[in-house]
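Letter by letter, the chains look like this.
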Amino acid sequence: MSEEAGERGVRVLVIDDDEDDYLIARDLLRESTGGEYETVWAETAEEGERLLNESRFEIALVDFRLGSTDGMTFVRDTAPRYPSVSFIMLTGQSDYEMDVEAMSAGAMDYLVKGTLSAALIDRAIRYSLQRKRLEGQLRSERNFMSVVLDHVEAVILVLDPAGCIRRINRSCELVTGRSNAQVLGTPFSALMALPEMRLEMEALFGRFAAEAFPNSHQSYWKGEGEVQRLVEWSSVLVKDSL
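Predicted model, so just to flag it, every value in this text is computed and none were measured.

About the cut-offs
- Residues numbered from 1 in each chain as written.
- Predicted model: local features only at pLDDT ≥ 70, side-chain atom pairs only at ≥ 80, totals over all residues.
- Heavy atoms only, no water.
- Axes fitted to C-alpha atoms, helices over the stretch in contact; angles between N-to-C directions.
- Helix = DSSP H or I, 4+ residues; strand = E, 2+ residues; numbered from the N terminus.
- Parallel < 35°, antiparallel > 145°, perpendicular 65-115°, else oblique.
- Contact = heavy atoms within 4.5 Å.
- Nonpolar A, V, L, I, M, F, W, Y, C, P; charged D, E, K, R; others polar.
- Buried < 20%, exposed > 50% of the residue type's maximum accessible area, 1.4 Å probe, protein only.
- Pairing = 2+ DSSP bridges.
- Right-handed = clockwise from strand over helix to strand, strands pointing away.
- Salt bridge = Lys/Arg side-chain N within 4 Å of Asp/Glu carboxyl O.

Novice: Kindly report on the packing of helix α3 (residues 71–78) against helix α4 (residues 96–105), identifying the contributing residues and their values.
Specialist: Interaxial distance between α3 and α4 falls to 8 Å at its minimum, and their mutual angle equals 25°. The angle between the axes of α3 and α4 places the two elements in the roughly parallel class. In this structure, α3 uses Met72, Val75 and Arg76 to contact α4, whose residues at the interface are Met98, Glu101, Ala102 and Ala105. Across the contact of α3 with α4, the residue classes break down as 5 nonpolar, no polar and 2 charged.

Novice: Could you give an account of the environment of Ile165, naming the residues involved and the relevant values?
Specialist: Among the secondary structure elements, Ile165 is positioned in strand β10 (residues 165–168). Judged by relative accessible area, Ile165 falls into the buried class, the value being 2%. C-alpha of Ile165 to C-alpha of Gly185: the two residues are 20 residues apart in sequence and 5.0 Å apart in space. Residues in contact with Ile165, not counting those within four places in the same chain, are Leu157, Val158, Leu159, Val183, Leu184, Gly185, Thr186, Phe188 and Leu191.

Novice: For the pairing of strand β7 (residues 86–91), give the residues involved together with the corresponding values.
Specialist: A large share of β7 lies buried, amounting to 6 of its 6 residues. Side chains Ser86, Ile88 and Leu90 project from β7 onto one buried face, and the interleaved Phe87, Met89 and Thr91 project onto a second face that is buried too. Pairing of strand β4 (residues 59–63) with β7 involves 5 bridges; the strand directions are parallel. Paired with Asp63 across the strands is Leu90, a residue of β7. A crossover links β7 with its parallel partner strand β8 (residues 109–112), the connecting element being α4, and its sense is right-handed.

Novice: Describe the pattern of salt bridges, naming the residues involved and giving the relevant values.
Specialist: Enumeration according to the criterion identifies 14 salt bridges in this entry. With its nearest N and O atoms 2.0 Å apart, the salt bridge here joins Arg81 to Glu49. Pair noted here: Arg81 is in the loop between α3 and β7 and Glu49 is in helix α2 (residues 45–54), with a separation of 32 residues, a long-range link. Across the salt bridge formed by Glu54 and Arg50, the nearest N and O atoms sit 3.0 Å from each other. Here Glu54 pairs with Arg50, and both are found in helix α2, just 4 residues apart, close to one helical turn. When salt bridges that share partners are traced, they join Asp16, Asp21, Asp63 and Lys113 into one network.

Novice: Residue-level account of the pairing of strand β2 (residues 10–15), with values.
Specialist: When you tally the buried positions in β2, you get 6 out of 6 residues, the bulk of the element. Side-chain alternation along β2 places Val10, Val12 and Val14 on one buried face and Arg11, Leu13 and Ile15 on a second face that is also buried. Inspection of the sheet shows β2 paired to strand β3 (residues 37–42) by 6 bridges, in the parallel sense. When the sheet's bridge partners are listed, Val12 is paired in β3 with Thr39. Taken together, the 4 bridges between β2 and β4 define a ladder with parallel strand orientation. Bridge pairing in β4 places Val12 opposite Ile59.

Limitation: the analysis is restricted to geometry and does not speak to function.
Pasting the structure below:
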């Protein structure tokens, strides 16, 4: 293990079995920031994982070839266990399919060693850090909304455009006698609507797709033990921003 420390730098773990490549990456980081990055070298995947487990790192630069292990497998297996670390794949050749696979494996970016420059590696790291912060904010917001939903007495269901359940709150679990995990992906009409009301309910979702929104609805729903409940309910359409 080799370490170059700054006073308050972003900690970067370089996992590469070629020390010369590590030194190039280290020097580029020095050139781009004047000592803002603190670099640590791991020669093997095993040493890299040990360091991730023992120390705090914001960035891990992972070579595609790590002796008997490939970097893609390392990132795929390791990234989920270290959600605060941004993984960036390094490779000796440009390949679109490999780029896509790296992103699917959990890498934030994919850099070709032969084209590296101080500006390029600095930009990739800063972009990855920003994206990681945004992901953390999104997780916090989702956790907050989950807590809110589960403490609201009203029955709340989140459905996809086809009318299949993506989330129900605690009140809905109590009414139906089924957990969120049990109903995930189930058509709402199959879970809540009485048999004679299913076609009407499915037609209602067709109106949602056409952006026709009644302000409120009233229908019989079935609860735990097939108990019928006359329910007045409202619907809101939430669209993705992308």
